[in-house]
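# Geometric and topological summary
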Amino acid sequence: MQHENSFIQRVHTYSDHHGLLSQGQTVVVAVSGGVDSVVLLDVLTHLAPSLDLTLHVAHLNHRLRPNSGEDRDFVETLARDLRLTCHTQEADIASRARSNGESLEEAGREMRRSFLSGVASDVGAHRIALGHHLDDQAETVLMRLTRGAGLTGLAGIRPLTAGEWIRPLLAESRAAIDAYANARGLHHVDDVSNNDTRFLRNRIRHRVIPRLRTEFSDAIPAVIARTADLLRSDEDFLAQTAVDAFKTVTCVQTDRKIALDGPACFRYHIAIQRRLFRLAAGRLGVDLRELSAARVNDALDRFSRGSSRVDLTPDLTACFDGRLFVFGRRVGPFDLPIKESGLTQYPQIGAELVVSCSQDRPRDLKTGDPFTAWFDPSRLGPLRLRSVQPGDRIEPYGLSGRVKISKLLIDRKVPRIVRDEVPVVVSGDEPLWVVGLRTSARALVPEEARRAVHLEFRGDWRNLANALQLPSSKAPSDG
């Protein structure tokens, strides 16, 4: 009994040190039926009264083994014996892996996370508890080492991630967990897939670590886990330094584009530069597992030698013009109506347009602001705000003839990476205003006109253009 109490106390102390559990929380416990998850559930049931925890059991049936239904039945019985609510779901992981071109491990991980997050949301849980332990930590570090991970990867599994995923057993060895289960007489199921050496983790578990134990020390998993702890402290410091630097070098940030001061970025150590790139990608919603260290290093190397453009992931591009690093995800084509007067909001592109009509001819139509424009209402049909389309042409005020808007964007040095953001005001199919860049002579307010329509554009594109310091253009005037 003393051994079991010592184990529970260690887990409690570890959880308290890392802020994993607090008074009155609701916790979803992921239980596969294996010894790790069964011990996790048993420990949490012992801690629940003193911490006033509400526990829910969650089990995902992977349907990868003939007896997977027995695992589900075991977990449901275990939860019922503990008088806990049990949430179960079946998932065709093999089918998802084939459809998405993922490994079984990747598909299983994503479907488990989705299932557990859903349960947590349904029951209003504060935490999702997982059974990772010290040996898992050592295996993870070695796996990442074989793939060429940087400091972030070699820091290993964290006790707390995303504010809700907790791993109370992370400091406990597999041997200690087995000893606790035996002492408590806990029953569990064995997952035979853990012996399948087609999986990298299992090859490391059954071939690499035993060899390291024999050649160096039986404590090698603890040594590797301790190294991960040390690296994690260094990573946390560098990560916070990068966050502070990011605030300093960010010129503009929207949902789809971020521009950083390039020369300012280059003044930081390369370790911070890499993290700035990853921060930018993360802020734009990129799955950082898709952003390899090699791609980041390649981009920084090319940018250090001058202007360039690099695809960091299939849907994230970065470019450097000598002054700014611009990171961008594409905005889809848009074609949106404009109200005849008042404010129209366009959350799809992070913008709004204000339309007003002057009953008296304004004294000065030359605003000097490329994001406001005056038009002759007698020449206007219903207005729309849309993206640039192939073949679009405009008859620019102050120039003769018609020009392709695509050529206009090139001449005005609009980086390709942000051209999908450029909005065009059209009347029918006629472009009247490439917002922030050029207006059409076709909507010129003539000398004799007594009325004029005023448009003002606000939002993401305006902020981007100002950060890029694009050459300004004149609004149409009375000449």
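Please refer to the structure placed before this passage.
The paragraphs below set out a description of the structure included in this document. (Residues numbered from 1 in each chain as written. Predicted model: local features only at pLDDT ≥ 70, side-chain atom pairs only at ≥ 80, totals over all residues. Heavy atoms only, no water.)

## A closer look at the overall build of the protein chain
- Of the regular secondary structure elements, the protein chain holds 15 helices and 22 strands.
- Over its C-alpha atoms the protein chain spans a radius of gyration of 30 Å, topping by over 25% the 23 Å that the globule rule assigns to 479 residues.
- If you line up the protein chain on its principal axes, its C-alpha atoms span 100 × 50 × 40 Å.
- The buried share of the protein chain, taken over its 479 residues, is 47%.
- Contacts spanning at least 24 positions in sequence make up 71% of the contacts within the protein chain whose residues lie at least 6 apart.
- With the model as given, the accessible surface of the protein chain reaches about 23500 Å², and the carbon-plus-sulfur share is 48%.
- Charged side chains in the protein chain number 65 positive and 61 negative. The centres of these two groups are separated by 6 Å. (Helix = DSSP H or I, 4+ residues; strand = E, 2+ residues; numbered from the N terminus. Rg over C-alpha atoms; globule rule 2.2 N^0.38 Å. Buried < 20%, exposed > 50% of the residue type's maximum accessible area, 1.4 Å probe, protein only. Contact = heavy atoms within 4.5 Å. Areas by Shrake-Rupley, 256 points an atom, 1.4 Å probe, with all protein chains shown as cover. Lys, Arg positive; Asp, Glu negative; His and termini not counted. Charge placed at Lys NZ, Arg CZ, Asp CG, Glu CD.)

## Digging into the sheet that holds strand 4 (residues 127-129)
- Strands sit in the order 3-2-1-4-6-5 across an open sheet of 6 strands; the sheet is mixed. In this open sheet, the two edge strands, each paired with only one partner strand, are strand 3 (85-90) and strand 5 (160-161).
- Pairing geometry for strand 1 (residues 26-30) and strand 2 (residues 54-61), over 5 bridges, is parallel. Each bridged residue has a counterpart across the sheet, and for A30 the counterpart in strand 2 is A58.
- Sitting on the sheet, helix 5 (residues 104-123) touches strand 1, strand 2, strand 3, strand 4 and strand 6 (165-166), and the angle it makes with strand 2 is about 150°. (Pairing = 2+ DSSP bridges. Axes fitted to C-alpha atoms, helices over the stretch in contact; angles between N-to-C directions.)

## Remarks on helix 5
- In this model helix 5 runs 28 Å from its N-terminal to its C-terminal C-alpha over 20 residues, within 8% of the 28 Å that 1.5 Å per residue would give.
- Within the span of helix 5, buried status applies to A107, G108, F115, L116, V119 and A120.
- Packing partners of the buried residues in helix 5 comprise strand 1, strand 2, strand 3, helix 4 (93-100), strand 4 and strand 6. (Expected span 1.5 Å × (residues − 1).)

## Quick word on the pairing of strand 11 (residues 324-328)
- Counting buried residues along strand 11, 5 of its 5 residues qualify, which places the element largely inside the surrounding structure.
- Where burial is concerned, the two faces of strand 11 agree: the one with L324, V326 and G328 and the one with F325 and F327 are both buried.
- Examined bridge by bridge, strand 8 (residues 257-261) and strand 11 share 5 bridges and lie antiparallel to one another. The partner of I258 across the bridge, within strand 11, is F327.

## Remarks on the pattern of salt bridges
- Applying the stated rule across the entire model yields 36 salt bridges.
- Between E90 and R72 there is a salt bridge whose closest N-O contact spans 3.2 Å. Of this pair, E90 sits in strand 3 while R72 sits in helix 3 (residues 68-81), and the two are 18 residues apart along the sequence.
- With a relative accessible area of 45%, E90 lands in the partly exposed category. (Salt bridge = Lys/Arg side-chain N within 4 Å of Asp/Glu carboxyl O.)

## As for the nonpolar core
- Counting 45 residues, the largest nonpolar core has L455, F457 and W461 as its most contacted members.
- A per-element tally of this core places helix 15 (residues 460-468) first, with 5 residues.
- If near-sequence neighbours (up to four positions away) are discounted, L455 is found in contact with L353, V354, V355, F371, T372, A373, F375, L383, V425 and W433.
- Judged by nonpolar contacts, the second largest core, of 36 residues, contains V35, V38, V39 and L41. (Core = buried A, V, L, I, M, F, W, Y, C linked by side-chain atoms within 4.5 Å.)

## Describing helix 12 (residues 270-283)
- Taking 1.5 Å as the rise per residue, helix 12 with 14 residues should run 20 Å; its terminal C-alpha atoms sit 20 Å apart, in good agreement.
- Every buried residue belonging to helix 12 is among A271, I272, Q273, R275, L276, F277, L279, A280 and A281, and all of these are buried.
- Phi for G285, located one or two positions after helix 12, is positive at around 85°.

## Some thoughts on the environment of D135
- Positionally, D135 belongs in helix 6 (residues 134-146).
- Taking the relative accessible area as the measure of exposure, D135 reaches 6% and is therefore buried.
- When neighbours within four sequence positions are excluded, D135 is seen to be in contact with S173, R174, R213 and P221.

## Let's talk about the sheet that holds strand 15 (residues 372-375)
- As summarised here, the arrangement of the 4 strands in space is 13-14-22-15, forming an open sheet in which the pairing is antiparallel. Looking along the sheet, the strands with just one partner apiece sit at the ends: strand 13 (342-346) and strand 15. Ignoring strand direction, the axes of neighbouring strands in this sheet form an average angle of 20°.
- As paired elements, strand 14 (residues 351-358) and strand 22 (residues 452-459) share 8 bridges and run antiparallel to each other. Pairing of L353 across the sheet is with F457, part of strand 22.

## Looking at the side chain of D42
- Looking at the element boundaries, D42 is found in helix 2 (residues 35-51).
- In this structure D42 comes out as buried when scored by relative accessible area, which is 8%.
- If near-sequence neighbours (up to four positions away) are discounted, D42 is found in contact with Y180, R184 and L186.

## Looking at the environment of F246
- Within the fold, F246 resides in helix 10 (residues 220-249).
- Expressed as a C-alpha distance, the spacing of F246 and L200, which sit 46 residues apart in the sequence, is 36 Å.
- Filtering out sequence-adjacent residues up to four positions away, F246 remains in contact with Q253, I258, L260, L276, L279, A280 and R283.

## Some points on the packing of aromatic side chains
- Taken as a whole and assessed by the stated rule, the structure comprises 11 aromatic pairs.
- Pairing F266 with F325 gives two aromatic rings, centres 5.3 Å apart and planes at 80°, and the pair type is edge-to-face. In this pair, F266 is assigned in helix 11 (residues 262-266) and F325 in strand 11, connecting sequence segments 59 residues apart.
- Residue classification places F325 among the buried residues on the basis of a relative accessible area of 0%.
- A ring pair is formed by F303 and F325, whose centres lie 5.4 Å apart and whose planes are at 25°; its orientation type is stacked. Taken together, the residues F303 in helix 13 (residues 293-304) and F325 in strand 11 connect sequence positions 22 residues apart.
- By way of ring pairs, the aromatic residues F266, F277, F303, F320, F325 and F327 are connected into one cluster.
- In this structure, R113 packs its charged tip against the face of W165, placed 4.2 Å from the ring centre. (Phe/Tyr/Trp six-rings, centres within 6.5 Å; stacked < 30°, edge-to-face > 60°. Lys NZ or Arg CZ within 6 Å of the ring centre and 35° of its normal.)

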